[in-house]
Every structure is written in structure tokens, then in C-alpha cells.
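Each chain, letter by letter, is given below.
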Amino acid sequence: MSAGTSDLTRRLAEADPEVARLIDAEGRRQHDKIRLIASENYVSQAVLDATGTLLTNKYSEGYAGRRYYEGQQLIDEIEELAVARAKSVFGVAHANVQPYSGSPANLAVYLACVKPGDTVMGMSLPMGGHLTHGWSVSATGKWFNAVHYGVTKDTGRVDFDEVAELARKHRPKLIFCGGTAIPRTVEFDKFAAIAAEVDAVLVADIAHIAGLVAGGAHPTPVGHASIVTTTTHKTLRGPRGAMIMSTEEWAKPLDKAVFPGLQGGPHNHTTAAIATALKEASTPDFATYASQIVANAKALATGLVERGFDLVSGGTDNHLILADLTSKDVGGKPAAKALDRAGIELNFNTVPYDPRKPFDPSGLRIGTAAVTTRGMTESDMDSVAQWIDEAVTAVRDGKEDRLDDIAGAVRDFCAAYPIPGWSEQ
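**Comments concerning the overall build of the chain**
Looking only at helices and strands, one finds 16 helices and 15 strands in the chain. A globule of 425 residues ought to have a C-alpha radius of gyration of about 22 Å, and the chain, at 22 Å, matches this closely. Projected onto its principal axes, the C-alpha positions of the chain cover 60 × 55 × 40 Å. Counting across all 425 residues of the chain, residues that qualify as buried make up 56%. In the chain, once contacts between residues fewer than 6 apart in sequence are set aside, the share between residues at least 24 apart is 72%.

If you want it as C-alpha cells, here you go:
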């Protein structure tokens with residue numbers, strides 16, 4: 001075993017040292033950087049352990065008690081446990097834990113609820129929505145007649161007058177709420193009232209905020225939306241997978257849409273890790289973590305505003321901050337690349353009414369789930385805001401050598417916050 005190989009890759013190093021080296025290097029990268037990508041997190045050692053088990057050896061088309069392969073006795077128990085925990089954590093009547101990721105989960109909703117050519121409605125991608133909410137480059141925008149709502153220019157918040165007007169005019173059969181760059185509370189009750197008025201099925205995509213919902217730090221869509229979709233990573237802090245939850249009315253159509261409608265056998269090792277993550281999500285510690293995510297996001301937003309950053313909607317209610325760099329006289333893409341060099345990982349992002357192109361937008365998307373998992377608190381966020389400001393200023397002024405100095409300070413700072421699954425040997 002080579003020097004520096006961590007526990008994460010100890011056995012792998014003997015069989016495939018090249019892959020082991022790359023995985024170990026990724027562990028160091030995740031340790032040495034402040035990770036602020038809103039869709040990323042650190043899973044616990046227990047979730048890592050569950051993901052890397054011999055459950056990956058088993059093929060299990062179908063559902064518990066109704067499989068197409070034999071030898072499912074224990075797989076059934078694992079999936080039933082994950083389902084039961086999902087129902088308990090989120091308070092839903094039905095849960096399907098088999099979708100491979102968030103996009104297939106949303107595709108299953110379309111398959112269960114509408115037919116090609118039907119009218120659907122969701123938030124516009126440039127306004128903070130998701131590709132699978134009917135955006136033109138997605139299959140959902142090609143197969144369905146998609147109508148999109150947005151946010152108001154002055155507030156950066158959902159324009160419910162527009163939502164209601166579009167719904168009454170186009171009578172969509174399906175309405176999505178939620179998205180990928182929404183820094184404010186999703187008002188499920190207002191969407192539900194509009195959906196009821198036009199007899200549409202309301203779908204809440206809570207992929208980004210599922211952990212906040214589970215921990216009581218964001219209102220729940222349950223009781224407002226008939227169907228709820230989510231990934232299981234991000235704030236929920238599980239493996240890369242997804243779930244669909246619903247009222248009993250939609251249970252059978254959704255199950256049939258997932259299998260055999262869209263996919264074959266579930267990834268059983270992922271199912272086990274989802275079950276473990278949901279057990280963690282049911283604890284008081286998880287509720288504390290969820291509240292801390294929001295507290296950290298608010299503190300970081302304050303630190304950025306104090307340094308002259310313009311934030312969409314003026315701040316945040318959740319884990320996510322969307323910064324418009326127009327006033328900083330630098331684009332989001334060069335800023336994001338400079339920040340990565342400076343040891344701060346986030347992503348460039350379109351902002352509402354962005355005059356720049358999607359691959360060279362004006363904004364940065366920032367999230368606080370991963371830093372919260374590491375144990376950082378509000379008192380650390382001012383330092384993070386300062387480093388962000390220094391890096392953005394450096395790239396704007398052509399002083400990129402300064403980025404390496406920031407990276408060194410960040411690396412020293414991160415040494416006090418170990419991450420699950422990796423340690424320096």
C-alpha cells in the first residue's frame with residue numbers, strides 16, 4: 001500500500017492502485033476544500049458502508065413479495081424497511097425507493113399521470129426550475145406541452161398571480177413546484193389552491209430541501225401535493241438515489257411507472273443506504289443539523305451582502321444562496337473557476353432575467369449542507385464570505401496569484417473539520 005492511501009481505498013489499492021489513487025485523491029480534495037455546491041453533501045460512514053456492500057451482487061426486478069428472480073427474502077426485508085422509514089419520516093401513505101435518481105423519478109410521474117402532448121406546468125429553468133419540469137432541451141419539454149412560470153423581477157420570488165393566470169388559461173394536468181435554485185420557502189399551500197382550481201395534480205419536487213423537510217426546518221408538502229419526488233442525497237444526506245412518495249390514490253400507477261415502465265431491477269446497495277440515511281433522518285441530531293443548515297445559510301448570506309454581493313430575493317430561507325455578480329463586474333463562470341482554485345467549490349448559475357448565456361451566466365449558486373455536516377457553524381460563515389469576496393475580487397482584478405494564498409488558508413481551516421470515510425494517513 002502506498003503512503004497516503006486512506007481507509008477508503010486500503011483493499012482496493014492492492015487490486016487496482018490506479019483507481020485507488022484517484023479515489024484517495026478525491027477524498028483529499030473533499031477534505032481540503034470548502035464544498036458549497038448546493039446539491040452535494042457528505043454521507044455518514046454508515047451510509048458509505050451500506051452503499052459498498054455485497055447487495056450489489058443481487059438482481060431484484062419487481063417489488064417485495066412480487067419479484068421475477070428467486071432468493072429475494074432478505075432483499076425484500078431491506079426494501080420494506082426503507083419504504084417504512086420513508087413513510088414514517090415524511091408522513092406519507094406510500095413510498096417507492098427504487099428510482100435510480102431524481103430525473104427518472106420525475107419521468108415516472110409523467111408516465112403515471114399524463115400522456116404525450118398533454119399540458120404540464122413548472123418553473124422555468126432560468127428562474128430556478130429543473131430540466132425535468134418541462135424545459136425544452138429535456139424529453140419532458142419535447143413530449144409534453146410545457147408552460148412555465150417564473151419569479152418577479154423586484155422580489156425574486158414566485159409570481160403567484162402569473163402561476164394562477166397561466167393555470168387558468170392552459171389548464172395543465174400536472175403542476176410541478178420546487179426546483180434547483182430557489183432560495184426561499186416553497187409555498188406549497190398556494191400551489192395546491194391553484195392546482196385544485198384547475199383540477200391539476202400537484203407534484204412537489206423537494207430534491208434540494210428533503211433533508212430540511214425531514215428535519216422540520218422547511219414546511220412539508222404532504223397534505224398539499226398528491227405526489228412528492230426527491231433525490232436521497234443533497235440535504236437528506238443519503239446515497240445517490242431517489243424516492244417517489246404519494247397519497248394512496250397514486251400508489252399503483254407510480255409503482256407501475258417505475259417498474260416495469262422505466263427501469264429494471266433496483267440498486268439494492270443503494271436501497272440499503274437509503275434505509276440507513278432515513279434512520280439517521282429520524283433522529284433529534286438530524287433535526288439539529290437541518291436547522292443549522294439554514295442558520296449557516298443565513299449567516300453566509302449576511303456576510304456576502306455586507307461585502308456588496310447582490311443576492312436573488314435578498315437572502316435565503318433554506319440551504320441555498322443565489323448570488324448575482326453583475327455589480328461585481330465579473331461573470332459567474334470565471335468566478336466559480338477562480339473560487340475552485342482558491343479552495344471553495346460551488347457552481348456558476350443563471351439568475352432570473354439573466355442577460356448572459358446559460359454557459360456563461362451572471363450568478364453563483366451556493367449551498368451550506370456539506371459545510372454543516374462537517375461541523376461548521378454561523379461563526380465560521382463570515383470567514384467563508386470573506387474568502388469568497390477575496391477570490392472574486394482577485395479574478396476581477398487579474399490578481400490570480402492571490403487565489404493560491406486563499407487556498408492555503410482554506411486548507412488550514414478545513415483541517416479542523418474531518419470528513420466521514422477519509423483520513424490522512
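**Topic: the sheet that holds strand S5 (residues 119-123)**
With mixed pairing, seven strands are arranged side by side in an open sheet as S4-S10-S9-S8-S7-S5-S6. In the strand order of this sheet, the two ends are held by strand S4 (94-96) and strand S6 (145-149), each with one partner. When strand polarity is set aside, the average angle formed by the axes of neighbouring strands in this sheet is 20 degrees. Where strand S8 (residues 201-205) meets strand S9 (residues 227-231), three bridges bridge the pair, whose relative direction is parallel. Note on S9: the bridge partner recorded for valine 203 is isoleucine 227. Taken strand by strand, helix H7 (residues 160-170) contacts S5 and S6, and its axis lies near 160 degrees from that of S6. Contacts from helix H8 (residues 188-197) reach S6, strand S7 (174-177) and S8 within the one sheet, and its direction differs from that of S8 by about 155 degrees.

**Quick notes on the side chain of arginine 365**
Topologically, arginine 365 is positioned in strand S15 (residues 363-367). Despite being buried, arginine 365 has no salt bridge partner; glutamate 40 is the closest side chain of opposite charge, sitting 8.0 Å away. Of note is the side chain of arginine 365, whose polar atom sits 3.3 Å from the side chain of histidine 208.

**Overview of the packing of helix H12 (residues 284-306) against helix H15 (residues 378-396)**
At a minimum axis distance of 8 Å, the contact between H12 and H15 shows a crossing angle of 40 degrees. In terms of orientation, H12 lies oblique with respect to H15. In this structure, H12 crosses over H15, and the sense of that crossing is right-handed. For the pair H12 and H15, the contacting residues are Gln292, Ala295, Asn296, Ala299, Leu300, Gly303, Leu304 and Glu306 in the first and Glu378, Met381, Asp382, Val384, Ala385 and Ile388 in the second. For the contact of H12 with H15, the residue count by class is eight nonpolar, three polar and three charged.

**Things to note about helix H13 (residues 332-341)**
The set of residues buried in H13 consists of Gly332, Ala335, Ala336, Ala338 and Leu339. Viewed along the axis of H13, the buried residues span an arc of 165 degrees, placing them on a single side of the element. As for H13, its buried residues are in contact with strand S13 (344-345), strand S14 (347-349), S15, H15 and helix H16 (401-414). Note on H13: the residue one or two positions beyond its end, glycine 343, has a positive phi of about 90 degrees.

Thresholds, definitions, all that
- Residues numbered from 1 in each chain as written.
- Predicted model: local features only at pLDDT ≥ 70, side-chain atom pairs only at ≥ 80, totals over all residues.
- Heavy atoms only, no water.
- Helix = DSSP H or I, 4+ residues; strand = E, 2+ residues; numbered from the N terminus.
- Rg over C-alpha atoms; globule rule 2.2 N^0.38 Å.
- Buried < 20%, exposed > 50% of the residue type's maximum accessible area, 1.4 Å probe, protein only.
- Contact = heavy atoms within 4.5 Å.
- Pairing = 2+ DSSP bridges.
- Axes fitted to C-alpha atoms, helices over the stretch in contact; angles between N-to-C directions.
- Lys, Arg positive; Asp, Glu negative; His and termini not counted.
- Salt bridge = Lys/Arg side-chain N within 4 Å of Asp/Glu carboxyl O.
- Polar contact = N/O pair within 3.5 Å; in protein donor to acceptor, adjacent residues only side chain to side chain.
- Parallel < 35°, antiparallel > 145°, perpendicular 65-115°, else oblique.
- Left-handed = near helix turned anticlockwise from the far one by under 90°.
- Nonpolar A, V, L, I, M, F, W, Y, C, P; charged D, E, K, R; others polar.
- Arc of directions from axis to C-beta.

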